[in-house]
Amino acid sequence: MSVDLEKILRPVDRPMPPFPPKHVTVASGEEMVIRQVGRDEIPDILPFVGPLMYVERDFYDVVAARVYSELLAFYRHRMQDEYVLVAQIDGELCAVVNGRMMTEDVGMSLHTLAMRRGLRIGAHAFAAKMEYHMDILGQKEVLIVAESPIGFRRWMIEYNLEKRFDVPHELGGVPSWALTKDLFDRARDTLVVGRRPVPDDLLAKAEAGILPPSDPPTPPEDLLAATRSLYDPTGTALVLSRWKQEGKVGG
Amino acid sequence: MRDVFVVGIGITSFTRLEYPLSEIAAYPAMAALKDAGLRRVDHVYVANMGGGRVNHQTGLASAVVDTLSLTPAGAETVENGPASGASAIKEGFLAVASGMHDVVLVTGAERMREVNNLEATDFVATLTHPLAEYIYGVTLPSLAGMFTRLYMDRYGVTERHLAMVAVKNQNNALLNEFAHLHQPITVEGILDSPEAMTNNPYVAEPLRFFDCCPVSDGGACVILASRERAEALGGPLVRLAGVGQATDTHCIHEREEPTDLLAVRSAAAQAFDRAGVAPSDVDVAELHDAFTILEIVESEEVGFFGKGEGHLALERGDTSLGGRLPINPSGGLKGRGHPVGATGVAQAHEIVLQLRGEAGERQVDGARVGFTCNFGGFGNNVVCLAFVRES
């Protein structure tokens, strides 16, 4: 009986051709490999996404919580036609991006979660995701939203996305923006870069295992809590500081 | 005039700070008071450029002096664009040197990340000429881009030289726990690799993304005192030996030779003259590298290298840590960050740290003479400071 119910609950994925891995030299001079991962590697990724749910900065908390749920749903067969790409430097997990095929012609971009910042790693990973929709899946457009101002600058402004405000996006039901094939073609060689094939040694290192991020985003430090408490007649800062020590609030 | 000494220093992280502007100014002041072993000062100068516009905070000095419980000390805000920090130090210097006060506190602060980058760029652009520049869309990056193109044509500076400055300073910032940028970069990654144009796109050609300083929040503080008070406090004796300030035309196009930064030249000469030292005596310098080209040009104008030879010194490694004259060991504006009102004070903070021998991994061995150049406008109001270690 339970097996029959699982057949109903588990979506049947459409065939999706694989993303051919590529590599990019980032600003640090390091070689970053972007490759697709299957369900088997999701448990290796989740432990590095989870802590970011408590980073109340640049909407990392919202994005990480949603990515966690999307990866878990992918792993447990509760999301249809989803794919996940990872960006790695020497095996270190630097970014996770995901999306899904909404229809044959339209892609649904889900999230871009960068775990090392300041080197355009998230932007390279996002570009790879768009490449997958356009060049590999052969779709006509991808629906996109941004949850943070940084994402808005990276996607809506840099790619000059078109408004599709009549179409609610799967993330929060907010108005969608669209990357069309034409816009994507204009971004080739400027925003969408990378080389194939990936040298064997680089790819082998990436596939050998997903290593933890070396410098993941952290919650803002309340460096001034003690100072502020001196001038805070309500004692709010002290109470907040104590709550943090007691684990009653995040950070 | 009396001798003036730096008796206390403090700084915040340069990054995005989630605190009111007055607290960003107060925190480094508390650190500096602790560093000096002081509880009271005679006067407070607060350097800030955009509190009224960006943070809806005016009368900043009044807020800061009360936040620090330093009333009834006198207090005022000093605004001189991106040179506000060094200008405030100059005011403090004059107050002590003249004998009006014995101990003054100079703190600089800016909270620019309260607005987005576009608004922050626009805010800084308000220092340009309102009718001849600003209304045509001029920004500081665009001015710097035009300046760089001209400088390249005239003196043979290339994009590789600019990238070398960016790499040097951003990698110096890795050694500075208070710096904004903590990502190592390489010339390969930002100039030579097939993906370099994407990693490091043009912002205002020929200036690229990594040629420009980040938009930062942050604060820094120095406390100045007379010799008598400094000796009584018993700390290391670092003398603010020379101060110089000069101006140039508001509009760059009115300058006879746009690639000459005459205000830098004049301000530096004044500072060296008053300090009784020469450019060749300097062991370590902090120059205002809001754009990478500025470090090269300022290094020439202040007299470290001949005109048109700054990039050659860079090639030789003279300006790197371990070189003949390390420039911007803190990371400079490029790596440490550029909260405009705080920058001039942060430069002084770094030099004092170096002259005390307390700069850790980025310490310049045996540093005795230090120099700063704080560049306001696009070189139209410049303040230079020379420091000498006495003990």
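Given the structure is predicted, the values throughout are model-derived calculations rather than measurements.

## Side note on the overall build of chain A
What chain A contains, in helices and strands, is nine helices and eight strands. Counting over 251 residues, chain A shows a buried share of 48%. A separation of at least 24 residues holds for 67% of the contacts in chain A among residues at least 6 apart in sequence. Accessible surface computed for chain A: about 11900 Å², of which carbon and sulfur atoms make up 56%.

## Describing the overall build of chain B
Scanning chain B from N- to C-terminus turns up 15 helices and 11 strands. In terms of overall dimensions, chain B is globule-like: its C-alpha atoms have a radius of gyration of 19 Å, near the 21 Å expected for 391 residues. If one aligns the C-alpha atoms of chain B with their principal axes, the spans along those axes are about 60 × 45 × 40 Å. Residues classed as buried in chain B amount to 64% of the 391 residues present. Long-range contacts, defined as pairs at least 24 residues apart, comprise 76% of the intrachain contacts of chain B with a sequence gap of at least 6. Accessible surface computed for chain B: about 13200 Å², of which carbon and sulfur atoms make up 49%. Taking the average location of the 29 positive side-chain charges in chain B and that of its 48 negative ones, the two points are 4 Å from each other.

## A short note on helix 11 (residues 262-275) of chain B
All names here are of chain B. In this model helix 11 runs 20 Å from its N-terminal to its C-terminal C-alpha over 14 residues, within 8% of the 20 Å that 1.5 Å per residue would give. On its buried face, helix 11 sits against strand 8 (238-247), helix 12 (292-301), strand 10 (369-376) and strand 11 (381-389). Just past helix 11, the residue Gly-276 takes up positive phi, approximately 75 degrees.

## Some thoughts on the sheet that holds strand 9 (residues 284-287) of chain B
Within a sheet, each strand pairs with its neighbour through backbone hydrogen bonds, oriented either parallel or antiparallel. All names here are of chain B. In space, the nine strands of this open sheet follow the order 3-2-4-7-1-8-11-10-9, with mixed pairing throughout. The sheet is open, and its two borders are formed by strand 3 (74-78) and strand 9, each paired with just one other strand. Taken pair by pair, the neighbouring strands of this sheet meet at an average axis angle of 25 degrees, ignoring direction. Here strand 1 (residues 4-11) pairs with strand 8 via two bridges, running antiparallel. Looking across to strand 8, one finds that Val-6 is bridged to Val-238. In the packing of helix 15 (residues 340-356) onto the sheet, contacts are made with strand 1, strand 2 (43-47), strand 4 (103-111), strand 7 (217-226), strand 8, strand 9, strand 10 and strand 11, and the angle to strand 10 comes to roughly 175 degrees.

## As for the interface of chain B and chain A
Contacts between the two partners involve 23 residues from chain B and, on the opposite side, 28 residues from chain A. Taken together, both faces of the contact between chain B and chain A bury some 2200 Å²; the carbon and sulfur share is 54%. Our count for the contact surface shared by chain B and chain A stands at two salt bridges. Applying the counting rule to chain B against chain A returns 11 residue pairs in polar contact (both at pLDDT 80 or more). Class assignment for the residues of the side of chain B that touches chain A results in 10 nonpolar, nine polar and four charged.

## Focus: the packing of helix 2 (residues 42-49) of chain A against helix 3 (residues 60-75) of chain A
All names here are of chain A. The geometry of helix 2 relative to helix 3 is characterised by a closest axis approach of 10 Å and an angle of 165 degrees between their N-to-C directions. The pairing of helix 2 with helix 3 is recorded here as roughly antiparallel in orientation. The handedness of the crossing between helix 2 and helix 3 is left-handed. Here helix 2 contributes Ile-42, Pro-43, Ile-45, Leu-46 and Val-49 to the contact with helix 3, which in turn contributes Ala-64, Val-67, Tyr-68, Leu-71, Leu-72, Phe-74 and Tyr-75. Class assignment for the residues of the contact of helix 2 with helix 3 results in 12 nonpolar, no polar and no charged.

## Considering the side chain of Lys90(B)
Residues and elements named next belong to chain B. Among the structural elements, Lys-90 can be located in helix 4 (residues 84-97). At a separation of 2.7 Å, a polar atom in the side chain of Lys-90 contacts the side chain of Gln-245. In contact with Lys-90, not counting residues within four places along its chain, are Val-243 and Gln-245.

## A short note on the sheet that holds strand 6 (residues 141-144) of chain A
All names here are of chain A. Sheet architecture is open: eight strands sit in the order 1-2-3-4-5-6-8-7, paired in mixed fashion. Edge strands, defined here as strands with exactly one partner in the open sheet, are strand 1 (22-25) and strand 7 (162-168). Geometrically, the sheet is characterised by an average inter-axis angle of 30 degrees between neighbouring strands, direction not taken into account. Here three bridges tie strand 5 (residues 106-114) to strand 6, and the two strands are oriented parallel to one another. Following the sheet pairing, Met-108 is matched in strand 6 by Leu-143. Running over the sheet, helix 7 (residues 200-208) touches strand 1, strand 2 (31-37) and strand 3 (82-89) and is turned about 55 degrees from strand 2.

## Considering the packing of aromatic side chains
Scanning the model with the defined rule gives 13 aromatic pairs over all chains in all. Between Phe19(A) and Tyr132(A) the ring centres are 6.0 Å apart and the planes differ by 80 degrees, which places this aromatic pair in the edge-to-face class. Within this pair, whereas Phe19(A) is found in the loop between helix 1 (2-9) and strand 1, its partner Tyr132(A) is found in helix 4 (residues 121-136), the two being separated by 113 residues in sequence. Tyr132(A) carries the same exposure label as Phe19(A), and that label is buried. Ring geometry for Phe126(A) against Tyr159(A): centres 5.5 Å apart, planes inclined by 65 degrees, an arrangement best described as edge-to-face. Residue Phe126(A) is found in helix 4, and its partner Tyr159(A) is found in the loop between helix 5 (149-157) and strand 7; the two are separated by 33 residues along the sequence. An aromatic cluster is defined as three or more aromatic residues linked by ring pairs; in this entry it consists of Phe147(B), Tyr151(B), Tyr155(B), Phe375(B) and Phe378(B). One residue, Arg196(A), lies across the ring of Phe19(A), its end atom 5.1 Å from the ring centre.

## Section: the environment of Glu195(B)
As for its placement among the helices and strands, Glu195(B) is situated in the loop between helix 8 (187-192) and helix 9 (196-199). By relative accessible area, which is 1% here, Glu195(B) ends up buried. Side-chain polar atoms of Glu195(B) contact the backbone nitrogen of Thr25(A), separated by 2.9 Å.

## Points about the confidence of the model for chain A
Mean pLDDT over chain A stands at 90; residues scoring 70 or higher make up 87%. Here residues 229-233 of chain A is a poorly scored stretch, pLDDT under 50, and it has eight contacts once near neighbours within four places are set aside; other chains count.

## Observations concerning the packing of helix 1 (residues 21-36) of chain B against helix 3 (residues 60-67) of chain B
All names here are of chain B. At a closest axis distance of 9 Å, the pairing of helix 1 and helix 3 adopts a crossing angle of 50 degrees. Here helix 1 is positioned oblique relative to helix 3, judged by the angle of their axes. Seen along the crossing, helix 1 lies across helix 3 with a hand that is right-handed. Where helix 1 abuts helix 3, its residues Leu-21, Ser-22, Ala-25 and Ala-26 lie against Leu-60, Ala-63, Val-64 and Thr-67. Grouping the amino acids of the contact of helix 1 with helix 3 by side-chain chemistry returns six nonpolar, two polar and no charged.

Criteria and thresholds
Residues numbered from 1 in each chain as written. Chains lettered and ligands numbered in written order. Predicted model: local features only at pLDDT ≥ 70, side-chain atom pairs only at ≥ 80, totals over all residues. Heavy atoms only, no water. Helix = DSSP H or I, 4+ residues; strand = E, 2+ residues; numbered from the N terminus. Buried < 20%, exposed > 50% of the residue type's maximum accessible area, 1.4 Å probe, protein only. Contact = heavy atoms within 4.5 Å. Areas by Shrake-Rupley, 256 points an atom, 1.4 Å probe, with all protein chains shown as cover. Rg over C-alpha atoms; globule rule 2.2 N^0.38 Å. Lys, Arg positive; Asp, Glu negative; His and termini not counted. Charge placed at Lys NZ, Arg CZ, Asp CG, Glu CD. Expected span 1.5 Å × (residues − 1). Pairing = 2+ DSSP bridges. Axes fitted to C-alpha atoms, helices over the stretch in contact; angles between N-to-C directions. Buried area = accessible area lost by both parts, 1.4 Å probe. Salt bridge = Lys/Arg side-chain N within 4 Å of Asp/Glu carboxyl O. Polar contact = N/O pair within 3.5 Å; in protein donor to acceptor, adjacent residues only side chain to side chain. Nonpolar A, V, L, I, M, F, W, Y, C, P; charged D, E, K, R; others polar. Parallel < 35°, antiparallel > 145°, perpendicular 65-115°, else oblique. Left-handed = near helix turned anticlockwise from the far one by under 90°. Phe/Tyr/Trp six-rings, centres within 6.5 Å; stacked < 30°, edge-to-face > 60°. Lys NZ or Arg CZ within 6 Å of the ring centre and 35° of its normal. pLDDT = per-residue confidence, 0-100.

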